[in-house]
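Coordinates in review
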Amino acid sequence: MKGKPSLLFTPLVPVLGMGAAVSAEAQEIAVTAPAENQLDALQMQINQQTRQLEEMRKILETQQNNLARLQQALNEELLADARAKGAPAPVLVPSMAAPAPAQQAPVQSRSPAYSQADDTWKPVGEAPVSDSRPPEVAQIFDQPGVLTPRGRFTLEPSLQYGYSANDRVALVGYTIIPALLIGLIDVRQVKTTTATATLTARYGLSNRWELEARVPYVYVNGDTVSREIFTGAAQDNVFNASGNGLGDVEFTARYQINQGGPDKPFYIGWLRYKSRTGRDLFEVTTDCVTRCIGNTTGTGLPLELPTGSGFEAIQPGITWLFPSDPVVFFGSFSYLHNFKRTNVSRTLINGEREDLGEIEAGDILGFNVGMGLSLNEKAAISIGYDQSTVGKTKQNGEYVAGGVRITLGTLLLGATYRLNQKTSLNFALGVGVTRDTPDVTFTMRVPITF
């Protein structure tokens, strides 16, 4: 037995080898099973993160689209804020619409830098945000083109000076031959100076609606220089009259009709109501003792000049603006209708009243056109032309004898300078281009936004 140990243990070698093989396979199975589970877990995690990234991409696209809409609205606000005070196209925010997936680029982080000036960290490589508003262009017309933003209030004190001089030659009599007149030759020079202080208040009901109220105080002085030939007068006679007081209060509502933009016109409709709070020509005392109808030896002029027109009126109109960088073209069309008055009478120097019946002042058709140019962030200029055609006046349904249609044309130059974020200083100079227009008008405005 002891001599044959190999015979006893030899059959066990294959069994042991088989056991070792089984044990190695078991170990391999034991190691492989957790690895497959980990791969499945990792695959599930990758799939979940892929879905999350897809959802985040969709959310990012939605946010970018929302940002693009907000930027479009901001551009519209910038353009609306630049509307003609006559305004040039401001620098607009570029569009940030979501790019196509193939064009997406990895986000590059910016390293912050420390600022000792204000003890803050700021991103490097980003342009500083400008706190300045778009440059304003000088307002030269009575109806501005820029609407007050929603919830904002603008107070605008202004002062206007005007001067006009007219010559008049009146021939009262009859001629025997064209070179011989029997009667009176009256030569007059009428020089009128006016100063109007106005307080204007505007309030933005929304980004498209604006209300305005204007309260003027008027001072007017008139000098009439005349010499009546064939009456024995050897020198000029000067008749002076003046007046001051509250003028005609006005109320205006404006509405932006459309959403314009660069190279797209803006349209703003407005409706103005003019009261007759000022003292009119029928209320002041007229010197009819020395000159009235049928009397040719006196003045026939009012002893005190009026501060109002004497007629209530309503005026619809539309203003258009066309931004075309670096300028803005603007203008407006309007029609003013004067409401007729009945039982009108005027006061004479002796206290009597002269009945005039029904009076209807002529309506006014007006238009203007201009161009604004920004010089820098604070200064701007503009130029324009304003014209109004005044119809004939009617009395008791008939045109007044000697009544004519009048055309008033004014060439306007304007400049503005922004003092700070809330206050601007505006100047406008008007030069009359027709004989019936005031020779010169100068207007200064100081709009203050709250």
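For clarity, every value in this text was computed on a predicted model and none was experimentally measured.

With that settled, the discussion passes to the overall build of the protein chain. Across its full length, the protein chain holds two helices and 23 strands. Relative to its 450 residues, the protein chain shows a buried fraction of 32%. In the protein chain, the proportion of contacts linking residues at least 24 apart, taken out of those at least 6 apart, comes to 64%. Here the protein chain has roughly 27200 Å² of accessible surface; of this, 61% comes from carbon and sulfur atoms.

This part takes up a nonpolar patch on the surface. Taken together, the side chains of Phe153, Tyr203, Leu205, Trp209, Leu211, Tyr255, Ile257, Tyr267, Ile318, Phe333, Phe367 and Phe450 make up a nonpolar region of the molecular surface, amounting to roughly 1100 Å² of accessible area. Positionally, Phe333 belongs in strand β13 (residues 327-338).

In this model, the protein chain carries an average pLDDT of 77, and 69% of its residues clear a pLDDT of 70 or more. Taking the mean pLDDT of every element in the protein chain, the minimum, 41, falls on helix α1 (residues 5-9) and the maximum, 96, on strand β22 (residues 440-445). This model gives residues 95-135 a pLDDT under 50, and the stretch forms 50 contacts once residues within four places in sequence are excluded. Counting interchain partners and residues more than four positions distant, the pLDDT-below-50 stretch residues 294-298 has 10 contacts.

Pairing is mixed across the open sheet formed by five strands, whose spatial order is β9-β14-β15-β18-β19. If you trace the sheet from one side to the other, it starts and ends with β9 (285-286) and β19 (398-399), each paired once.

Another aspect to go through is the environment of Val440. Here Val440 shows up in strand β22. Each C-alpha atom, one on Val440 and one on Tyr163, is 5.6 Å from the other, the two residues being 277 residues apart in sequence. The contacts of Val440, once residues within four sequence positions are left out, are Tyr161, Gly162, Tyr163, Leu429 and Gly430.

With that out of the way, let us pick up the environment of Met371. Mapped onto the secondary structure, Met371 falls in strand β16 (residues 364-374). With 43 residues separating them in the primary sequence, Met371 and Val328 have C-alpha atoms 5.7 Å apart. Not counting residues up to four positions away in its chain, the partners in contact with Met371 are Val327, Val328, Phe329, Phe330, Ile381, Ser382 and Ile383.

Turning to the side chain of Ser158, a few remarks are in order. Positionally, Ser158 belongs in strand β3 (residues 153-177). Taking the relative accessible area as the measure of exposure, Ser158 reaches 13% and is therefore buried. Leaving out residues up to four positions away in the same chain, Ser158 has contacts with Thr196, Ala197, Thr198, Met444 and Arg445.

Parameters at a glance
- Residues numbered from 1 in each chain as written.
- Predicted model: local features only at pLDDT ≥ 70, side-chain atom pairs only at ≥ 80, totals over all residues.
- Heavy atoms only, no water.
- Helix = DSSP H or I, 4+ residues; strand = E, 2+ residues; numbered from the N terminus.
- Buried < 20%, exposed > 50% of the residue type's maximum accessible area, 1.4 Å probe, protein only.
- Contact = heavy atoms within 4.5 Å.
- Areas by Shrake-Rupley, 256 points an atom, 1.4 Å probe, with all protein chains shown as cover.
- Patch = residues over 30% accessible without salt bridge, like charges linked within 9 Å, V, L, I, M, F, W, Y side chains within 5 Å.
- Salt bridge = Lys/Arg side-chain N within 4 Å of Asp/Glu carboxyl O.
- pLDDT = per-residue confidence, 0-100.
- Pairing = 2+ DSSP bridges.

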